[in-house]
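Analysis of the macromolecular model
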Amino acid sequence: MKSYAVIGLGRFGYHIAKGLAEQGLDVIAADNDPEKVKQVGDYVEDAVVLDSTDIKALEDSGIAKADVVIVSIGENIEASTLTVMSLIDLGVKQVIAKAISVLHGKILTKLGAYKVIHPEREAAMKLVKNIAEHIHYDTIDLSNTMRIVKFSVPKIFINKRIADIDFERTHKVRLIAHKYNGIWHTDIDENLIIQDTDILVIIGNVIDIEKISKTL
Ligand code: ATP
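Given the structure is predicted, the values throughout are model-derived calculations rather than measurements.

So, how was this worked out
Residues numbered from 1 in each chain as written. Predicted model: local features only at pLDDT ≥ 70, side-chain atom pairs only at ≥ 80, totals over all residues. Heavy atoms only, no water. Pairing = 2+ DSSP bridges. Helix = DSSP H or I, 4+ residues; strand = E, 2+ residues; numbered from the N terminus. Axes fitted to C-alpha atoms, helices over the stretch in contact; angles between N-to-C directions. Near = heavy atom within 4 Å. Polar contact = N/O pair within 3.5 Å; in protein donor to acceptor, adjacent residues only side chain to side chain. Areas by Shrake-Rupley, 256 points an atom, 1.4 Å probe, with all protein chains shown as cover. 1 Å grid on protein atoms, 1.4 Å probe; cavity = no way out; pocket = protein on both sides within 12 Å on 5 of 7 lines; lining within 4 Å. Points joined across faces, edges and corners; volume = space filled by probe spheres on them. Nonpolar A, V, L, I, M, F, W, Y, C, P; charged D, E, K, R; others polar. Domains from an automatic or database assignment. Buried < 20%, exposed > 50% of the residue type's maximum accessible area, 1.4 Å probe, protein only. Core = buried A, V, L, I, M, F, W, Y, C linked by side-chain atoms within 4.5 Å. Contact = heavy atoms within 4.5 Å.

Glancing now at the sheet that holds strand S5 (residues 94-98). If you walk across this open sheet you meet the six strands as S3-S2-S1-S4-S5-S6, and the pairing is parallel. Sheet topology places strand S3 (46-49) and strand S6 (115-117) at the edges, where each strand pairs with a single neighbour. Ignoring strand direction, the axes of neighbouring strands in this sheet form an average angle of 15°. Bridge count between strand S2 (residues 26-31) and S3: four bridges; the pairing is parallel. By the bridge assignment, Ala30 is partnered in S3 with Val48.

In structure tokens:
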């Protein structure tokens, strides 16, 4: 069975640690605030007070041996980046880190985080999707850099011929599915004009996809 560690037991980290433990998984939870550690202590296998920027503390606590470590430190970017760096140096294969801004996320990715999450942004997009029925927005992150997105047609594509949009050269993404007249097609007809009621699925680099998503 895989082992997990959660560092930083703020609102997000607390629910991750508790949620994993409730799934019956082996979890070490850590924070430098004893009060936070106490709150999660009843749920998890092991709860420790430590400063995660201290590499020795990461080793001594057993966190460095966990298969997956979730770093949920937001506000203190220095502590967040140092912790991620140390975990990678210690050989942790899957470091999942919370980011509080785009720049913070970029730094974590550069450091080699296996996955970077933006909880507020992701929760907001989910809510938008749930309450605005005409807007479609769904993503699957295949890795830190590769994403598949299903969305309503961004304004820049409405009433344009697919061939003229030139997804691959101009936007560096690939259109892999197109829903029009209520039916999904994976065999893309380049001569079709995209309507605002269509739905598109594209695959590409996260940065290129985000550029397009901003025009939704
Ligand atoms: P959330 O939005 O998840 O509630 P938060 O805004 O309360 O988070 P953050 O700054 O993101 O707070 O920090 C999350 C947790 O990380 C806090 O409980 C904090 O005590 C802990 N933390 C911060 N720095 C360290 C560190 N160096 N070592 C261990 N834990 C730390």
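Now, onward.
This part is about the site of the ligand. Around the ligand, a shell composed of 19 residues is seen, among which Arg11, Phe12, Asp31, Asp51 and Gly74 lie nearest. Taking Lys36, its side chain carries an N or O atom lying 3.0 Å from an oxygen atom of the ligand. One of the backbone N or O atoms of Gly74 is found 2.7 Å from an oxygen atom in the ligand. For the ligand, the accessible surface in isolation is 630 Å², of which the surrounding protein chains cover 84%.

A word on the layout of surface pockets. Each pocket or cavity is described by its volume, and for the largest pocket that value is around 1,200 Å³. The set of elements that each furnish at least two residues to the lining of the largest pocket consists of helix H5 (102-111), S6, helix H6 (119-131), strand S7 (137-141) and helix H9 (206-213). Taken together, the residues of the lining of the largest pocket sort by class into eleven nonpolar, nine polar and 13 charged. Each of domain 1 (3-117) and domain 2 (121-213) accounts for three or more of the residues forming the lining of the largest pocket. Its boundaries defined by the atoms lining it, the second largest pocket holds a volume of some 500 Å³. Lining the second largest pocket are 25 residues; nearest its centre among them are Gly10, Ser72, Ile73, Gly74 and Lys98. Those elements giving two or more residues to the lining of the second largest pocket turn out to be helix H1 (11-22), S2 and H6. Tallying contributions element by element places H1 first for the lining of the second largest pocket, with three residues.

Positive phi values are uncommon outside glycine, yet Asn159 reaches one of about 65°. Relative to the helices and strands, Asn159 is located in the loop between strand S8 (146-152) and helix H7 (162-165). Positive phi values are uncommon outside glycine, yet Asn181 reaches one of about 50°. Assessed through its relative accessible area of 73%, Asn181 is described here as exposed.

Grouped together as the largest cluster of nonpolar side chains are 23 residues, with contacts concentrated most on Ile7, Ile63, Val69, Val71, Val84, Leu87 and Leu108. For this core, the elements supplying multiple residues, two or more each, are strand S1 (3-7), S2, helix H3 (55-60), strand S4 (68-71), helix H4 (77-89) and S5. Excluding its chain neighbours within four sequence positions, the residues that come into contact with Leu108 are Ser80, Thr81, Val84, Ala97, Lys98, Ala99, Ala113 and Val116.

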